[in-house]
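Remarks on the overall topology
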Amino acid sequence: MSGKTVWVVGGLALAVGAVAYLSYHETPAGKDAAGTIVAAKRAYVDGTSGSGSGSGSSSSGSDSSGSGNTSDRSGAGSSDAGKDAGKDAGKDAGKDAGKDAGKDAGKDAGKDAGKDAGKDAGKDAGKDAGKDAGKDAGKDAGKDAGKDAGKDAGKDAGKDAGKDAGKDAGKDAGKDAGKDAGKDAGKDAGKDAGKNQ
């Protein structure tokens, strides 16, 4: 972008300099056409040609100075015209160059800013999404693990409790049954023994 601007500005400066140089140093066309104006031959009453020649010479001198003034005015006019033309050309060229440079700079700046903003936004969005996803996944995993662990623990605890309860119940039942059976057996045996005597 900077290289392009340098080339444009350099070309404009060269063009303006060329216009100004030609305007100040070019030979005016009016000066080339100017020359000594020869007096026309006139008929005089006395027929003398000397006075006519002198008058022509005088006329020639005055006309020559007049043509010199005309060439000076022509040169000054060309100089002013070249100056104005160079000024307008430089103004337009500078305006166009500034417009193009500003357009390119704005385009590049906007592109870079958009790229950086998109990168940062994507980074933040990915970070937040990963954080939320990890949180939800951990929550679900913990919930499922706790559910399964509780189920297994309850199953094992119920099994052990049932086993212990059955064991104790059997022990107590056996004790009571043995006690009752022994009591009845002793009673029957004593009764039979007394009967036999």
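Here is what the cut-offs are and how they apply
- Residues numbered from 1 in each chain as written.
- Predicted model: local features only at pLDDT ≥ 70, side-chain atom pairs only at ≥ 80, totals over all residues.
- Heavy atoms only, no water.
- Helix = DSSP H or I, 4+ residues; strand = E, 2+ residues; numbered from the N terminus.
- Buried < 20%, exposed > 50% of the residue type's maximum accessible area, 1.4 Å probe, protein only.
- Contact = heavy atoms within 4.5 Å.
- Areas by Shrake-Rupley, 256 points an atom, 1.4 Å probe, with all protein chains shown as cover.
- Salt bridge = Lys/Arg side-chain N within 4 Å of Asp/Glu carboxyl O.
- Polar contact = N/O pair within 3.5 Å; in protein donor to acceptor, adjacent residues only side chain to side chain.
- pLDDT = per-residue confidence, 0-100.

Another point: the overall build of the chain. The number of helices and strands found in the chain is three helices and zero strands. Counting across all 197 residues of the chain, residues that qualify as buried make up 6%. For the chain, the share of sequence-separated contacts (at least 6 apart) that also reach a separation of at least 24 residues comes to 87%. A total of about 15600 Å² of accessible surface is found on the chain, and carbon and sulfur atoms cover 57% of it.

It is worth spelling out the pattern of salt bridges at this point. A complete count under the given rule lists one salt bridge for this structure. Between Asp-104 and Lys-4 there is a salt bridge whose closest N-O contact spans 3.6 Å. Of the two residues, Asp-104 sits in helix H3 (residues 50–196) while Lys-4 sits in helix H1 (residues 2–25), which places them 100 residues apart along the sequence. What makes Asp-104 partly exposed here is its relative accessible area of 23%. By relative accessible area, Lys-4 is classed as partly exposed at 49%.

So, on to the side chain of Ser-23. Mapped onto the elements of the fold, Ser-23 is located in helix H1. A polar contact is formed between the side chain of Ser-23 and the backbone oxygen of Val-19, at a distance of 2.7 Å.

Moving on, we come to the environment of Gly-17. If you trace the backbone, Gly-17 turns up in helix H1. For the pair Gly-17 and Gly-86, spaced 69 residues apart in sequence, the C-alpha separation works out to 7.8 Å.

This brings us to the confidence of the model for the chain. Any segment with low pLDDT has predicted coordinates that should not be analysed in fine detail. Per-residue pLDDT for the chain has a mean of 75; in total, 71% of the residues score no lower than 70. Per-element averaging of pLDDT across the chain places helix H2 (residues 29–33) at the bottom with 51 and H1 at the top with 85. In the model, residues 48–73 has pLDDT below 50 throughout and makes nine contacts with residues more than four positions away in sequence or in other chains.

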